[in-house]
Amino acid sequence: MESTSVVNAGEALFRPVRTGNAFEETVERLLQAIRLGVVGAGERLPSERELAERLGVSRVTLREAIRALADAGYVESRRGRYGGTFVNESLPAPPERSPSGKVDAVSLEDALSLRYVLETGAAEMAAARSLSPADRQHLTGTLAEAASAELDDYRRKDSRLHLAIAEVTASGSLTTAMADARTRVNQLLDRIPLLPPNLEHSNAQHEAIVDAILAGDAPAARRAMAEHIEGTASLLRAFLS
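The paragraphs below set out a description of the structure included in this document.

Analysis parameters
- Residues numbered from 1 in each chain as written.
- Predicted model: local features only at pLDDT ≥ 70, side-chain atom pairs only at ≥ 80, totals over all residues.
- Heavy atoms only, no water.
- Pairing = 2+ DSSP bridges.
- Helix = DSSP H or I, 4+ residues; strand = E, 2+ residues; numbered from the N terminus.
- Buried < 20%, exposed > 50% of the residue type's maximum accessible area, 1.4 Å probe, protein only.
- Axes fitted to C-alpha atoms, helices over the stretch in contact; angles between N-to-C directions.
- Parallel < 35°, antiparallel > 145°, perpendicular 65-115°, else oblique.
- Left-handed = near helix turned anticlockwise from the far one by under 90°.
- Contact = heavy atoms within 4.5 Å.
- Nonpolar A, V, L, I, M, F, W, Y, C, P; charged D, E, K, R; others polar.
- Salt bridge = Lys/Arg side-chain N within 4 Å of Asp/Glu carboxyl O.
- Expected span 1.5 Å × (residues − 1).
- Core = buried A, V, L, I, M, F, W, Y, C linked by side-chain atoms within 4.5 Å.

Concerning the pairing of strand β1 (residues 75-78)
Okay, step 1: As paired strands, β1 and strand β2 (residues 84-87) are joined by four bridges and run antiparallel to one another. Bridge pairing in β2 links Arg 78 to Gly 84.
Okay, step 2: Connecting the antiparallel pair β1 and β2 is a turn made up of five residues, with Gly 80 showing a positive phi of about 100°.

Observations regarding unusual backbone geometry
Okay, step 1: Although it is not a glycine, Ala 170 sits at a positive phi angle of roughly 70°.
Okay, step 2: Following the sequence through the fold, Ala 170 ends up in the loop between α7 (154-167) and α8 (172-189).
Okay, step 3: On the accessibility criterion, Ala 170 (25% relative accessible area) is partly exposed.

Overview of the packing of helix α5 (residues 105-128) against helix α10 (residues 218-240)
Okay, step 1: At a minimum axis separation of 8 Å, α5 and α10 run at an interaxial angle of 160°. As far as their axial angle goes, α10 and α5 are roughly antiparallel. Every pair of crossing elements has a handedness; the one defined by α5 and α10 is right-handed. Along the contact surface, α5 presents Leu 108, Glu 109, Leu 112, Arg 115, Tyr 116, Glu 119, Thr 120, Gly 121, Ala 123, Glu 124, Ala 127 and Ala 128, while α10 presents Ala 218, Ala 221, Arg 222, Met 225, Ala 226, Ile 229, Glu 230, Thr 232, Ala 233, Leu 236 and Arg 237.
Okay, step 2: Tallied by class, the residues present in the contact of α5 with α10 amount to 13 nonpolar, three polar and seven charged.

Quick look at the pattern of salt bridges
Okay, step 1: Throughout the structure, instances matching the rule amount to 18 salt bridges.
Okay, step 2: Notably, a salt bridge pairs Glu 119 with Arg 115, separated by 3.0 Å at the nearest N-O pair. With Glu 119 and Arg 115 both in helix α5 and four residues apart, this pair spans about one turn of that helix. Across the pair, Arg 115 and Glu 119 agree in class, each one buried.
Okay, step 3: One salt bridge connects Arg 160 with Glu 167, and the closest N-O pair in it is separated by 3.1 Å. The same class applies to Arg 160 and to Glu 167, which are both buried.
Okay, step 4: Several salt bridges share partner residues, and in doing so they unite Arg 35, Arg 155 and Asp 190 into one network.

Some thoughts on α7
Okay, step 1: Between its first and last C-alpha atoms α7 spans 20 Å; for 14 residues at 1.5 Å apiece the expected length is 20 Å, and the two agree.
Okay, step 2: In terms of burial, α7 is largely enclosed, as 13 of its 14 residues are buried.

Brief notes about the nonpolar core
Okay, step 1: Judged by nonpolar contacts, the single largest core of 54 residues is most densely connected at Leu 30, Leu 62, Leu 139, Ile 165 and Ile 213.
Okay, step 2: Among residues more than four places away in sequence, those in contact with Leu 62 are Thr 26, Leu 30, Glu 48, Leu 51, Ala 52, Leu 55 and Val 57.
Okay, step 3: Residues Leu 108, Ala 111, Ile 192 and Ala 233 belong to the second largest nonpolar core, which totals ten residues.

Purely geometric numbers; function is a separate question.
Structure follows, in structure tokens:
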């Protein structure tokens, strides 16, 4: 396949919101971009004017959403020539788990099924494309960041790598769907402990996935991704079912 421009996850996430719940959906989109690592720790959000235009909301609504995230500890606003709204270096901890830690089995399987279809398809599609040097650097860069992430930032860097795979497919719709599905899965992952042996295994699997994509081996990329997300699914079922 011919290579086209890589899709930017920020463009996929910062899309127009529905007018009925403009404030709530603006908060959701901004928080999604932060928790998935699209806007990393210490990085600046797009300008107020740009965000308002892209989200299709008034600047008043946007400011209210940013103020809510600042009050919750996700961002801070800085004044001056190099000011703006910046993501905090440390994010608030996920909500504490319920004593049972159980979730509805139907909802769990629904989230895992959607993730399987989207992520295996994205890996296969990415490998089938003729990737540009920028695409390849994007994959290897996010892979390296995930591999070297500290424990408390692992989920965000892991999410960013998975989104990068969707981005290099050059499909905006797929990237948007992946971001939404990943947010849903992360809400489940936040309910279970981070296990260092599992993270080491995940990093090795990440490398296998990216290697297959860079080699243009679509079947291998799909298989590697399937193995990776099935391992995560096993942990979620073990802790949450």
